[in-house]
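So you can see what is in the structure, the chains are spelled out below.
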Amino acid sequence: MSTQTTVVVIEDEPHIALGLKDALEFEGFRVVTADTGVAGVRLVSEERPGVILLDLMLPDMNGYQVCEEIRRHDGYVPIIMLTARSQEADKIRGLDAGADDYVTKPFAIGELVARIRAIIRRVNRPPGIESFQIGEVVVNVTAHTVQKGGNASEPLSYYEVELLRFLYERVGQPVARDEILDRVWGLDACPSNRTIDNFIVKLRRKVELTPREPAHILTVYGYGYKLVV
Ligand code: CA
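Counting from 1, residues in each chain are numbered in the order their sequence is written. At least 70 in pLDDT is required for a residue's local features to be given in this predicted model, at least 80 for side-chain atom pairs to be given and counted, and no such filter applies to totals for whole chains, interfaces and linings, which use all residues. Processing note: side-chain calculations cover all non-hydrogen atoms of the structure and skip hydrogens and water entirely.

Glancing now at the sheet that holds strand β6 (residues 131-134). Ordered by their spatial adjacency, four strands build an open sheet running β6-β7-β8-β9, and the pairing between neighbours is antiparallel. At either margin of the open sheet sits one strand with a lone partner, and together these are β6 and β9 (154-155). Here β6 runs beside strand β7 (residues 137-140); their pairing, made up of four bridges, is antiparallel. For Ser-131, the partnering residue across the bridge sits in β7 and is Asn-140. What makes two residues a contact is simply this: any of their non-hydrogen atoms within 4.5 Å. The axes used here are C-alpha line fits, helices contributing only the stretch in contact, and every angle between their N-to-C directions lies in the interval 0 to 180 degrees. Here a strand is any run of E in DSSP of at least two residues, a helix any run of H or I of at least four, and the numbering for each starts at the N terminus. Helix-sheet contacts for helix α6 (residues 158-169) involve β6, β7 and β9, and the interaxial angle to β6 is about 70°. On top of the sheet, helix α8 (residues 193-207) reaches β6, β7, β8 (145-148) and β9; it is set at about 50° to β8, its chief contact. Think of it this way: DSSP has to see at least two bridges between two strands before they count as a pair.

Attention now goes to helix α1 (residues 14-26). Any helix carries an expected span of 1.5 Å times its number of residues minus one. Compared with an ideal rise of 1.5 Å per residue, which puts 13 residues at 18 Å, α1 spans 18 Å between its outermost C-alpha atoms and is within 8% of the ideal. Type-normalised accessible area, obtained with a 1.4 Å probe on protein chains alone, sets the label of each residue: buried when under 20%, exposed when over 50%, and partly exposed for intermediate values. Those residues of α1 that sit buried are Ile-16, Ala-17, Leu-20 and Leu-24. Summarising the axial view, the buried residues of α1 lie within an arc of 100°, below the 170-degree limit, and thus occupy one face. Turned more than 90 degrees off the buried face of α1, the exposed positions are Pro-14, His-15, Leu-18 and Phe-26. The positive-phi residue at the C-terminal boundary of α1 is Gly-28, with phi of around 100°. Starting at the helix axis, one direction is taken to each C-beta atom, and the arc is that of these directions.

Before going further, it helps to spend a moment on the pairing of strand β2 (residues 30-34). In regular strands, side chains alternate between the two faces of the sheet. Looking at chain direction, strand β1 (residues 6-10) and β2 are connected through five bridges and run parallel. In the sheet register, Ile-10 faces β2, and the bridge partner there is Ala-34. With strands facing away from the observer, any crossover in which the path from the first strand over the helix to the second runs clockwise is taken as right-handed. Between β1 and its parallel partner β2, the chain crosses via α1, and the hand of that crossover is right-handed.

So, on to the coordination of the calcium ion. Donor atoms: N, O and S within 2.8 Å of the metal, or within 3.2 Å for Na, K and Ca. Because water is excluded, sites can look incomplete. At 2.1 to 2.3 Å from the calcium ion lie its protein donor atoms, namely Asp-12 (OD), Asp-55 (OD) and Met-57 (O). Read from N- to C-terminus, the donor residues coordinating the calcium ion fall into the pattern D-x42-D-x1-M. What makes Asp-55 buried here is its relative accessible area of 2%. We classify Met-57 as partly exposed; its relative accessible area is 46%.

Turning next to unusual backbone geometry. Between Lys-105 and the following residue, Pro-106, the backbone shows a cis peptide bond with an omega angle of -5°. Residue placement: Pro-106 occurs in the loop between β5 (101-104) and α5 (109-124). Even without being a glycine, Arg-48 presents a positive backbone phi close to 45°. Along the polypeptide, Arg-48 turns up in the loop between α2 (37-47) and β3 (51-55). At His-144, a position not held by glycine, the phi torsion is positive, near 55°. With respect to the secondary-structure elements, His-144 resides in the loop between β7 and β8.

For cavity detection a 1 Å grid was placed over the protein atoms alone, and a set of points counts as a cavity when a 1.4 Å probe fits there but cannot get out; an open set counts as a pocket when protein lies on both sides within 12 Å along at least five of seven lines, with lining residues being those that have an atom within 4 Å of a point. Grid points are joined across faces, edges and corners, and a volume is the space filled by probe spheres set on the points. For the structure shown, the criterion picks out one cavity of 30 Å³ or more. The computed volume of the largest cavity comes to approximately 30 Å³. Lining the largest cavity, in full, are Leu-56, Tyr-64, Met-81, Thr-83, Asp-90, Lys-91 and Gly-94. If you list the elements that add at least two residues to the lining of the largest cavity, you get β4 (79-83) and α4 (88-96). Ranked by residues supplied to the lining of the largest cavity, first place goes to α4 with three residues.

Another aspect to go through is the environment of Val-77. One can find Val-77 in the loop between α3 (63-73) and β4. As for Val-77 and Thr-210, which are separated by 133 residues in sequence, their C-alpha atoms are 28 Å apart. Apart from residues no more than four positions distant in its own chain, Val-77 is found in contact with Pro-49, Gly-50, Val-51, Ile-52, Ile-70, Arg-71 and Asp-100.

Turning our attention to the layout of surface pockets. Size it by volume and the largest pocket reaches roughly 160 Å³. Lining of the largest pocket is provided by Arg-71, Gly-75, Leu-95, Asp-96, Gly-98, Glu-154, Pro-155, Leu-156, Ser-157, Glu-160, Lys-202 and Lys-206. Elements with a contribution of two residues or more to the lining of the largest pocket: α4, β9 and α8. Ten residues, namely Ala, Val, Leu, Ile, Met, Phe, Trp, Tyr, Cys and Pro, are considered nonpolar, four, namely Asp, Glu, Lys and Arg, are considered charged, and the remaining ones, Gly among them, are considered polar. Residues belonging to the lining of the largest pocket are distributed by class as follows: three nonpolar, three polar and six charged. Each domain's extent was defined by an automatic or database domain assignment. Looking at the lining of the largest pocket, you find at least three residues from each of domain 1 (6-123) and domain 2 (131-227).

Bear in mind that shape data such as this cannot, by itself, settle questions of function.
This is the structure we're talking about:
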């Protein structure tokens, strides 16, 4: 890695925070930790990290609130939620709050490192296309924004950009969910199909004129999705 990526870890359980710090530093990352939500939000604004690992249960705020607070200032930085819960509803709520991904405790550190590496690789790669158009909507890959008609541009998160970009690479063709998982999230990451579906819902709100009757991001039943421009 040519430039060292900073990872902010927001986690109140000392042994987990320390374990993550040791493991990620061993892998070449710079790691700074915070044990409260307030301290975490401040640390993120000071450090401008490449990735944030965020515990769901913190003493002063919950992870959803922290996520929303971070997203008010930075729509793009990848946020991976660490959750002891495995209920789908919690995950969906986390994704709605602006998290990009989640890892359920206890997690394998190797899997987490692989996921972080996949994100860094993609964030650091030179942009192919800077922007593209979907109907009335302009997606700006470098600015991580989407602009619908004459409206103000809206921020896109890391995975939203990657998902749109991947669908655009295959424009007009059905793309399987498994392939989306592999290409956008990476082979070692295993988010459920529900994660993809949740991202599609969020993207439709940003891209479609009538999100409930999508004209561009189409469902291919039992298979995946297809982008039509
Ligand atoms: Ca906790």
